[in-house]
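Below, each chain spelled out in residue letters.
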Amino acid sequence: MKTDVLIIGAGPAGVSAALYTRRGGLDVTIVTKGIETGGLAKTDKIENYYGFAEPIAGKELLRRGAAGAKRLGVHIVEDELLGLAFNDTFDGFKAEAREHTFSAPAVILAAGAARATLPLPGIREFEGRGVSYCAICDAFFFRGKTVAVIGSGEYALHEAQVLLPHAKKVLLLTNGEKPAVRLPETIELHTEKLAAVEGQDRVERVRLADGSELPVDGVFLAIGTAGSTELARKIGALLEGSNIKTDAKQATNVPGLFAAGDCTGGLLQVSKAVYEGSVAGLSALRYVREKQKKAQKQS
């Protein structure tokens, strides 16, 4: 699916960005795992938002936002996004989802803050020394080695499949979860609870809760679904801790890539997300228009 602007996330930031880019005349697509998902959907009452005399439920606010975007002609596709990369000509982006592949010259990350973590001893200690969050980025460094992916869903399977052509052996560790996907025989499955990631200077093994050990050279985290931070990391965007670093125009260091909402840190409020989404939408609109002008001149 080709579009002018691809927006990842259908919350206040993503929908606000869509409204501005669509009203600017661009073809706009939002991809989301579900309209009524995320932290806002769990909020029973919102009482401090402009324009509502009575409290409104988070799910209802999300539904109204999506309805307004659809009314303007924004395409909203429900799918699980797995990865983000540059397209073959490096003049835009390609986003791979469970059922679709999207391409666009500009992308806005607005899928919220990363909340899924794994408090496993050794994860933090070995970051950059065998622990990775991006198979596309780091698969090359594990050629001919044994690696493990921690996760149980489509995102974990996607990361494992990226590693298969490079690694000698790929293990999928579900940490006690039942696998949500069917695995190829080339991926070794372990469903036991995990106790720690261990080693000396680098990752050497994963210790299971029963005391047994799995020798590995690397561990890749792919828990739940790929959020804004994970996607930004894959494409080379700069982070500040777990937040995506942006300038005043909500632009990242990667041309054509913007971010808005909870994924940029700061005040985790609807009002802040709406503002940043609006800025990101206008910035993406200007970016795409400039690319279109240059293309017309060259032709």
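A short tour of the structure in this document, coming up. Quick caveat, the model's predicted, so the values are computed rather than measured. Residue indices begin from 1 for each chain and proceed along its sequence in written order. In keeping with the predicted nature of the model, local features appear solely for residues at pLDDT of at least 70, side-chain atom pairs appear and are counted solely at 80 or more, and the whole-chain, interface and lining totals rest on all residues. Values reported for side chains reflect all heavy atoms of the structure, with hydrogen atoms and water molecules removed beforehand.

### Comments concerning the packing of aromatic side chains
- Pairing of aromatic rings covers Phe, Tyr and the six-membered ring of Trp, with a centre-to-centre limit of 6.5 Å; geometry is then stacked below 30 degrees between planes, edge-to-face above 60, and tilted otherwise. Under the definition given, this model contains 5 aromatic pairs.
- Pairing F140 with F141 gives two aromatic rings, centres 5.8 Å apart and planes at 85°, and the pair type is edge-to-face.
- Where F142 meets F220, the ring centres are 5.3 Å apart and the plane angle is 70°; that geometry is what we call edge-to-face. Separated by 78 residues along the polypeptide, F142 in the loop between helix 3 (135-138) and strand 9 (146-150) and F220 in strand 15 (residues 218-221) bring together distant segments of the chain. Of the two residues examined, F142 and F220, each falls in the buried class.
- Geometrically, a charge over a ring is one whose NZ (Lys) or CZ (Arg) sits within 6 Å of the ring centre while staying within 35 degrees of the ring normal. Taking NZ or CZ as reference, R233 lies 4.5 Å from the ring centre of Y133, over its face. Numbering of helices and strands runs from the N terminus; a helix is a DSSP stretch of H or I covering at least four residues, while a strand is a stretch of E covering at least two. For every residue, the accessible area obtained with a 1.4 Å probe (protein chains only) is divided by the maximum for its type, and the residue is called buried under 20%, exposed over 50%, and partly exposed between those limits.

### Points about the sheet that holds strand 5 (residues 93-97)
- Two strands qualify as a pair provided that DSSP identifies no fewer than 2 bridges between them. Strand order in the open sheet formed by 3 strands is 4-5-6, with antiparallel pairing between adjacent strands. Edge positions in the sheet fall to strand 4 (81-86) and strand 6 (101-104), since each has one partner strand and no second. Strand-to-strand twist of the sheet, defined as the mean angle between neighbouring strand axes without regard to direction, takes the value 20°.
- In this sheet, strand 5 lies alongside strand 4 in antiparallel orientation, the contact comprising 5 bridges. To get an axis, fit a line to the C-alpha atoms, keeping to the stretch in contact for a helix; angles then go from 0 to 180 degrees between the N-to-C directions.

### Thoughts on helix 5 (residues 228-235)
- With 7 of its 8 residues buried, helix 5 lies for the most part within the structure.
- Of the positions making up helix 5, those classed as buried are S228, T229, E230, L231, A232, K234 and I235.
- Directly after helix 5, the chain includes G236, whose backbone phi takes a positive value near 95°.

### Quick notes on the pairing of strand 6
- Burial of strand 6 is one-sided: the residues F102 and A104 facing one way are buried, the residues T101 and S103 facing the other way are not.
- With 4 bridges joining them, strand 5 and strand 6 adopt antiparallel strand pairing. The residue of strand 6 that forms the bridge with A95 is F102.

### A few points about the pairing of strand 1 (residues 5-8)
- Neither face of strand 1 is left uncovered, since the one carrying V5 and I7 and the one carrying L6 and I8 both have all their residues buried.
- Taken together, the 4 bridges between strand 1 and strand 2 (residues 28-32) define a ladder with parallel strand orientation. Looking across to strand 2, one finds that L6 is bridged to T29.
- Looking down the strands as they point away from you, a crossover is right-handed if its path from the first strand over the helix to the second goes clockwise. Crossover connection from strand 1 via helix 1 (residues 12-23) to parallel strand 2: handedness right-handed.
- Bridge count for strand 1 against strand 7 (residues 106-109) is 4 bridges, and the pairing is parallel.

### Observations concerning the nonpolar core
- Counting residues in hydrophobic clusters, the biggest one holds 41 residues, and the most contacted among them are L84, V107, L109, V149, L163 and L257.
- The leading source of residues in this core is helix 4 (residues 154-163), at 5 residues.
- Beyond its immediate stretch of four places on either side in the chain, V107 contacts L6, I8, L84, F93, G256, L257 and F258.
- Counting residues in each nonpolar core, the second largest holds 33 residues, with V5, A10, V15 and L62 among its members. Only buried residues count toward a nonpolar core. Its members are Ala, Val, Leu, Ile, Met, Phe, Trp, Tyr and Cys residues joined through side-chain atoms within 4.5 Å. Residues count as neighbours in contact if any of their non-hydrogen atoms are within 4.5 Å of one another.

### With respect to the pattern of salt bridges
- Salt bridge criterion: a side-chain nitrogen from Lys or Arg within 4 Å of a carboxyl oxygen from Asp or Glu. Following the criterion strictly, the structure yields 12 salt bridges and no others.
- Between E188 and K169 there is a salt bridge, with the nearest N and O atoms lying 3.7 Å from each other. Taken together, the residues E188 in strand 11 (residues 187-190) and K169 in strand 10 (residues 169-173) connect sequence positions 19 residues apart.
- By relative accessible area, which is 38% here, K169 ends up partly exposed.
- Taking the shortest distance from any N to any O, the salt bridge between E276 and K272 comes out at 3.3 Å. Of this pair, E276 and K272 both sit in helix 6 (residues 270-298), 4 residues apart, roughly one helical turn. Summarising the burial analysis for this pair, E276 and K272 share the class buried.
- Through salt bridges with shared partners, one network takes in E198, E204, R205, R207 and E213.

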